[in-house]
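Take a look at the letters that make up each chain.
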Amino acid sequence: MSIGTLYNRFPTRGHLVDAVFADRVAASVRIAEVALGMDDPWQALVLLLEQTCELQAADLGYNDVVSRALPLRGAAEQARARGYELMQQVIVRAQEAAVLRADIILEDMAFVLWGHARTVEATAAVAPGAWRRHLAIMLDGLRAEAAHPLPEPPLRPDQARRALSGQCAAEHDEHRA
């Protein structure tokens, strides 16, 4: 396929990302739905994070999409929004059961997954399962009984979006130059 044909079929990067990764985005929604249907709120959170991280580790392209917050369109964007909504419900449920730190918000989970993405990227060639160890460490830190006061407040949703899109890094580079 020539680049011209590619652009005729996918006028923007977002359209191409949608076509390639729509099934993985839909799978992440199904994972969240299963988690929300579980009786144990902590196990629901663990399942949600483990299986989402498994999707990332199994497909480095999807891992990159997740960690860079690339724009999605149409059904893929609706699925992503639904996944966030379901993840929020899993978080609230775990907090109400007092098994998840009370100070965790949805944006914190975005950074758990972003950190996982970087671990997968760095270790895929040398230790493809290393991410499991790092996820277990993160999960221990999310437990309510392990909670200590955090040194900084959580990012607001707009700050998290800017950070995950790479916008903050570009602004930082501009200020350093």
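What counts as what
Residues numbered from 1 in each chain as written. Predicted model: local features only at pLDDT ≥ 70, side-chain atom pairs only at ≥ 80, totals over all residues. Heavy atoms only, no water. Helix = DSSP H or I, 4+ residues; strand = E, 2+ residues; numbered from the N terminus. Buried < 20%, exposed > 50% of the residue type's maximum accessible area, 1.4 Å probe, protein only. Salt bridge = Lys/Arg side-chain N within 4 Å of Asp/Glu carboxyl O. Phe/Tyr/Trp six-rings, centres within 6.5 Å; stacked < 30°, edge-to-face > 60°. Expected span 1.5 Å × (residues − 1).

Here we look at unusual backbone geometry
- In this model, Ala 98 sits at a positive phi of 60°, which is unusual for a non-glycine residue.
- In this fold, Ala 98 is placed in the loop between helix 5 (74-96) and helix 6 (106-123).
- The exposure class of Ala 98 is exposed, given its relative accessible area of 52%.

Quick look at the pattern of salt bridges
- Per the counting criterion, the structure on display carries eight salt bridges.
- Between Arg 132 and Glu 54 there is a salt bridge, and its shortest N-O distance comes to 2.4 Å. With Arg 132 in helix 7 (residues 130-142) and Glu 54 in helix 3 (residues 41-58), the pair connects residues that are 78 residues apart, well separated along the chain.
- The class of Arg 132 is partly exposed, set by a relative accessible area of 46%.
- On the basis of relative accessible area, Glu 54 is assigned to the partly exposed category, the value being 34%.
- With a closest N to O distance of 2.9 Å, Asp 103 and Arg 101 form a salt bridge.
- On the accessibility criterion, Arg 101 (6% relative accessible area) is buried.
- Taken together, the shared-partner salt bridges in this structure form one network comprising Asp 23, Arg 24 and Asp 59.

Thoughts on the packing of aromatic side chains
- Throughout the structure, instances matching the rule amount to one aromatic pair.
- Centroid distance Phe 111 to Trp 114: 6.5 Å. Interplanar angle 70°. Geometry classified as edge-to-face. Taken as a pair, Phe 111 and Trp 114 lie in helix 6 at a separation of three residues, close to a single helical turn.
- A relative accessible area of 27% means that Phe 111 is categorised as partly exposed.

With respect to helix 5
- Along its 23 residues, helix 5 runs 33 Å from first to last C-alpha, staying within 8% of the 33 Å computed at 1.5 Å per residue.
- The complete set of buried residues in helix 5 reads Ala 76, Ala 79, Arg 80, Gly 83, Leu 86, Met 87, Val 90, Ile 91 and Ala 94.

Brief notes about the environment of Ala 26
- Along the chain, Ala 26 falls in helix 2 (residues 13-36).
- Ala 26 sits 49 residues away from Ala 75 along the chain, and the two C-alpha atoms are 9.1 Å apart.

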